[in-house]
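# A look at the structure
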Amino acid sequence: MSMMEPLNLEDFVSSEAIKRLRRPAAEAEGLPGRAYADPAFFNLERQKLFPRGWMAIGFESDVPNAGDAVPVSIAGWDFIVARNRDNEVKVFHNICRHRSMTVLREPCTKAQTLQCGWHGWTYDLNGRLIATPDIGGVDEKSGKVSAEQPGIEKAKLGLREVRSTTWMHFVFVNIDGQAEPFESFIQPVFDRIPDHDLSLVKFSGITTKAQFDGNWKLAIETGCEDYHLPWVHPQIGERSGTFAGERGADTYVSISSRRKGNEPGDDSLPMFPHYNGKKMHEDGLGNELVLFFIVPNAIVAVLDDHVVTTIYLPQSHDCTPTRRAFHFIGDAATDEEHHAVREAVRDGWVTVGEQDFPMVREVQTKHAQRDELGMPTRFSAYWESAVHHFQNIVVDRLSA
Ligand code: FES
Ligand SMILES: [Fe+2]
């Protein structure tokens with residue numbers, strides 16, 4: 001099947017299977033294995049899911065200074081994220097307007113311009129084409145080479161800009177330009193945690209990278225349930241009975257809980273002010289933590305004293321690199337006093353991630369086998385409602 005041929009959800013998932021997914025979680029069956037294991041299904045998502053909504057592609061800190069630019073590839077879409085001379089983050093398709101070479105192949109800093117490596121077409125950091133060296137060829141009489149050619153209008157041949165915005169350190173894009181305004185898209189997150197003053201959250205400079213050897217949906221699904229904690233992440237400790245999986249409109253699925261609290265004084269990180277320094281409550285449970293899985297590929301984990309942002313960068317049906325950035329409240333994000341505790345927070349998250357990788361690797365191969373066998377998956381209605389919601393949102397987006 002050619003990549004350009006329009007693909008449809010019905011070519012992969014029968015209407016009966018979709019109906020079974022739509023049932024309440026206790027009776028529902030999950031997406032068929034081919035939704036994870038078939039490269040053609042990934043092409044369907046590439047055409048119909050990733051371009052349509054808001055997708056995270058990087059962090060603002062990837063381009064900290066004017067003149068910085070980085071290439072980013074995600075789901076077969078290639079971008080340039082650049083910071084222009086006015087300090088604005090701009091995103092462009094990384095395709096030269098001459099004959100389609102990749103314009104930016106390596107990150108760069110202090111750039112005035114971006115020059116294509118094939119024939120030297122040169123763009124400024126607002127994407128404008130400013131030079132087409134030698135395009136006019138050599139003048140017979142003067143022997144001079146001309147950089148102009150009648151019919152090549154530079155004003156019409158700038159890099160194609162991608163609609164983009166920044167939020168909570170993320171750079172988001174909307175490829176088709178048709179998504180609702182980002183502010184309304186993200187509002188359900190604010191509605192869920194109205195007491196949190198997110199403006200206090202500061203980037204610590206700490207980032208991590210990793211890779212799931214599996215489908216991006218499978219990678220998300222390992223994160224949005226607490227069912228597996230005792231088997232895979234025993235160090236997190238007992239679950240508390242306050243677990244909830246939710247859906248926030250078509251924007252996110254979330255999991256939240258109040259875990260068995262740490263004794264106050266366990267660490268010295270400042271908390272969001274509305275907690276008034278309270279780490280543990282009368283019921284022996286700590287403050288609520290909420291993990292938002294912003295569909296399709298951004299995660300914001302909001303804890304009482306730190307916020308972790310994660311991007312999944314699906315490269316193929318079975319390869320999903322991830323990037324993560326750590327944030328703390330106010331000065332604690334960067335001061336010397338909290339240096340060690342910040343690194344301990346990072347290490348805790350890295351450990352949890354590494355524990356999930358083997359599950360994803362194994363299950364990815366099983367999704368292919370169970371598809372051949374026609375074996376469905378099932379959900380725990382208590383623990384896995386967010387997984388069920390997530391699969392429903394994916395199907396909604398692919399059917400629209
Ligand atoms: S393809 Fe970029 S200059 Fe020719
Ligand atoms: Fe996990």
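Parameters and conventions
- Residues numbered from 1 in each chain as written.
- Chains lettered and ligands numbered in written order.
- Predicted model: local features only at pLDDT ≥ 70, side-chain atom pairs only at ≥ 80, totals over all residues.
- Buried ≥ 20, exposed ≤ 12 C-beta atoms within 10 Å, placed from the backbone.
- Helix = DSSP H or I, 4+ residues; strand = E, 2+ residues; numbered from the N terminus.
- Pairing = 2+ DSSP bridges.
- Axes fitted to C-alpha atoms, helices over the stretch in contact; angles between N-to-C directions.
- Contact = placed C-beta atoms within 7 Å.
- Domains from an automatic or database assignment.
- Nonpolar A, V, L, I, M, F, W, Y, C, P; charged D, E, K, R; others polar.
- Core = buried A, V, L, I, M, F, W, Y, C linked by C-beta atoms within 7 Å.
- Expected span 1.5 Å × (residues − 1).

## A closer look at the pairing of strand 17 (residues 306–312)
Taken across its seven residues, strand 17 has six buried, putting it largely inside the fold. Taking the residues between adjacent antiparallel strands as the criterion, strand 16 (residues 298–302) and strand 17 are bridged by three residues.

## Here's the deal with the sheet that holds strand 5 (residues 113–115)
With antiparallel pairing, three strands are arranged side by side in an open sheet as 5-6-7. Edge positions in the open sheet fall to strand 5 and strand 7 (129–131), since each of these has one partner strand only. The sheet shows a mean angle of 40° between the axes of neighbouring strands, taken without regard to direction. Note that strand 5 and strand 6 (residues 122–124) share three bridges and pair antiparallel. Paired with threonine 113 across the bridge in strand 6 is aspartate 124.

## Considering the sheet that holds strand 16
Spatial ordering of the open sheet is given by 12-18-17-16-15-14-13, a layout of seven strands whose pairing is antiparallel. What marks the edges here is a single partner per strand, and that holds for strand 12 (201–212) and strand 13 (244–248). On average, adjacent strands in this sheet sit at an angle of 20° to one another, irrespective of strand direction. Strand direction decides the pairing type here: strand 16 and strand 17, joined by five bridges, are antiparallel. Each residue of the ladder has a partner; that of isoleucine 299, found in strand 17, is threonine 310. Strands strand 12, strand 17 and strand 18 (320–329) of the sheet are contacted by helix 7 (residues 339–373), whose axis makes an angle of about 25° with strand 12.

## Side note on the pairing of strand 14 (residues 252–260)
Across the nine residues of strand 14, seven count as buried, placing the element largely inside the fold. In the sheet, strand 13 pairs with strand 14 via five bridges, with the strands oriented antiparallel. Counted as the bridge partner of glutamate 246 is serine 254 from strand 14. If you look at the hairpin formed by strand 13 and strand 14, you'll find three residues sitting between the two strands, and alanine 249 has a positive phi there, around 50°. Here eight bridges tie strand 14 to strand 15 (residues 285–294), and the two strands are oriented antiparallel to one another. Residue pairing for strand 15: lysine 260 is matched across the bridge by leucine 285.

## Some details on unusual backbone geometry
Put simply, valine 295 and proline 296 share a cis peptide bond, and its omega is 10°. Position of proline 296 relative to the elements: it lies in the loop between strand 15 and strand 16. Phi at asparagine 276 is positive, roughly 50°, even though this residue is not glycine. Within the fold, asparagine 276 resides in the loop between strand 14 and strand 15.

## Let's talk about the domain arrangement of the protein chain
We note that the domain assignment places domain 1 (55–163) and domain 2 (181–399) within the protein chain. In this complex, domain 1 contributes six residues to the contact, which on the side of domain 2 involves eight residues. With three residues, the single largest contributor to the side of domain 1 that touches domain 2 is strand 1 (residues 55–59). Residue composition of the side of domain 1 that touches domain 2, grouped by class: five nonpolar, one polar and no charged.

## Focus: the nonpolar core
Core analysis: the biggest nonpolar cluster contains 94 residues, and Ile80, Val81, Phe293 and Phe390 have the highest contact counts within it. Looking at this core element by element, the count peaks at six residues for helix 8 (residues 385–399). Built from parts of two domains, this core gets at least three residues from each of domain 1 (55–163) and domain 2 (181–399). Once residues lying within four places of it in the same chain are set aside, the contact partners of isoleucine 80 are Ala69, Pro71, Val91, Phe92, Asn94, Val103, Leu104 and Leu114.

## Regarding the environment of threonine 251
As for its position among the elements, threonine 251 is in the loop between strand 13 and strand 14. Put simply, threonine 251 and proline 188 are 63 residues apart on the chain and 7.0 Å apart in space, counted from C-alpha to C-alpha. Residues contacting threonine 251, with those up to four places away along its chain left out, are Phe185, Ile186, Pro188, Val189, Ile294 and Val295.

## Structural notes on helix 7
Taking 1.5 Å as the rise per residue, helix 7 with 35 residues should run 51 Å; its terminal C-alpha atoms sit 52 Å apart, in good agreement. Along helix 7, the residues classified as buried are Arg342, Val345, Gly353, Gln364 and His367. Where helix 7 is buried, its residues touch helix 2 (34–37), strand 12, helix 5 (216–223), strand 17 and strand 18. One or two positions beyond helix 7, positive phi appears at glycine 374, with a value near 70°.

## Some points on helix 8
Residues three or four positions apart in an α-helix share a direction because the helix packs 3.6 residues into each turn. Across its 15 residues, helix 8 extends 21 Å between first and last C-alpha, which sits within 8% of the 21 Å expected from 1.5 Å per residue. Burial in helix 8 covers these residues: Ser385, Ala386, Val387, His388, His389, Phe390, Gln391, Ile393, Val394 and Leu398. Structurally, helix 8 contributes buried residues whose contacts are with helix 1 (15–22), helix 3 (39–48), helix 5, strand 13, strand 14 and strand 15.

## Some thoughts on the environment of aspartate 335
Tracing the backbone through its elements, the reader meets aspartate 335 in the loop between strand 18 and helix 7. Aspartate 335 sits in the exposed class, given 12 other C-beta atoms within 10 Å. Between the alpha carbons of aspartate 335 and serine 204 there is a distance of 9.0 Å; along the sequence they are 131 residues apart.

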